[in-house]
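Here's the letter readout for the chains.
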Amino acid sequence: MGFFDTLFGNRPRQPSPVEEVTRILERFATATSMGVDREDLARYPAKQRQVMAFHFGAIEHLAREFQLDETQILGVFVVFLDRYFIMPITETGSISERVQGFYDKPEECKFLKAGSDVCRRWHDLNERRAPLELGELLKAS
């Protein structure tokens, strides 16, 4: 029976690239949350945008590896906003405008670039303490 199961048995479905990026981002967000004061985020919308920019940078890094297109990248970001900021999709506003702000505003752009770099070091180079840098960046800003 083992031989036939190997040949004809149901194999688990491989996750799609979007599912894989979402899974990795969930682990990354959990790691970054260790160094973040959640009460601070609730009080200061500017810090919320910085955290969003940081994680969007991580999404962009992972998107390059998994070859996601722009629509898929924005979809992953919407899921992130819904899960980590408990922001329903109807309240996320124009995602493309929010993302453009990450590039246009120097303080948010700094977090965007840092998120990409920290995610690269954490995911590719296995630097497990790298995500804690988000908390340090927030304290410095």
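A quick note: this is a predicted structure, and the numbers were derived from the prediction, not measured.

Q: Looking at this structure, I do not really get the packing of aromatic side chains. What am I missing?
A: For any pair of aromatic rings, geometry is given as the distance between the ring centres together with the angle between the planes. Counted under the stated rule, the structure contains eight aromatic pairs. Ring geometry for F28 versus F54: centroids 5.9 Å apart, planes at 10 degrees, classification stacked. Remark: F54 occurs in helix α4 (residues 45-66) and F28 occurs in helix α2 (residues 17-33); sequence separation between them is 26 residues.

Q: Quick question: what am I supposed to make of empty space enclosed by the protein here?
A: By the definition in use, this model includes one cavity of 30 Å³ or more. The space that makes up the largest cavity amounts to roughly 40 Å³. Secondary structure elements with two or more residues in the lining of the largest cavity: α2 and α5 (70-84). By residue number, the principal contributor to the lining of the largest cavity is α5, which donates five residues.

Q: What is the right way to read unusual backbone geometry from this model?
A: With glycine set apart, most residues show a phi of negative sign, and most peptide bonds adopt trans. With a phi close to 55 degrees, Q67 is a non-glycine residue in the positive phi region. Within the secondary structure, Q67 sits in the loop between α4 and α5. Although it is not a glycine, N126 sits at a positive phi angle of roughly 60 degrees. Within the secondary structure, N126 sits in the loop between α7 (106-123) and α8 (133-140). Looking at N126, the relative accessible area reads 49%, which means it is partly exposed.

Q: Help me out: how do you make sense of the side chain of T22 in this one?
A: Locating T22 in the fold gives a position in helix α2. Setting aside its immediate chain neighbours within four residues, T22 contacts V76, V79 and R83.

Definitions and limits used
- Residues numbered from 1 in each chain as written.
- Predicted model: local features only at pLDDT ≥ 70, side-chain atom pairs only at ≥ 80, totals over all residues.
- Heavy atoms only, no water.
- Phe/Tyr/Trp six-rings, centres within 6.5 Å; stacked < 30°, edge-to-face > 60°.
- Helix = DSSP H or I, 4+ residues; strand = E, 2+ residues; numbered from the N terminus.
- 1 Å grid on protein atoms, 1.4 Å probe; cavity = no way out; pocket = protein on both sides within 12 Å on 5 of 7 lines; lining within 4 Å.
- Points joined across faces, edges and corners; volume = space filled by probe spheres on them.
- Buried < 20%, exposed > 50% of the residue type's maximum accessible area, 1.4 Å probe, protein only.
- Contact = heavy atoms within 4.5 Å.

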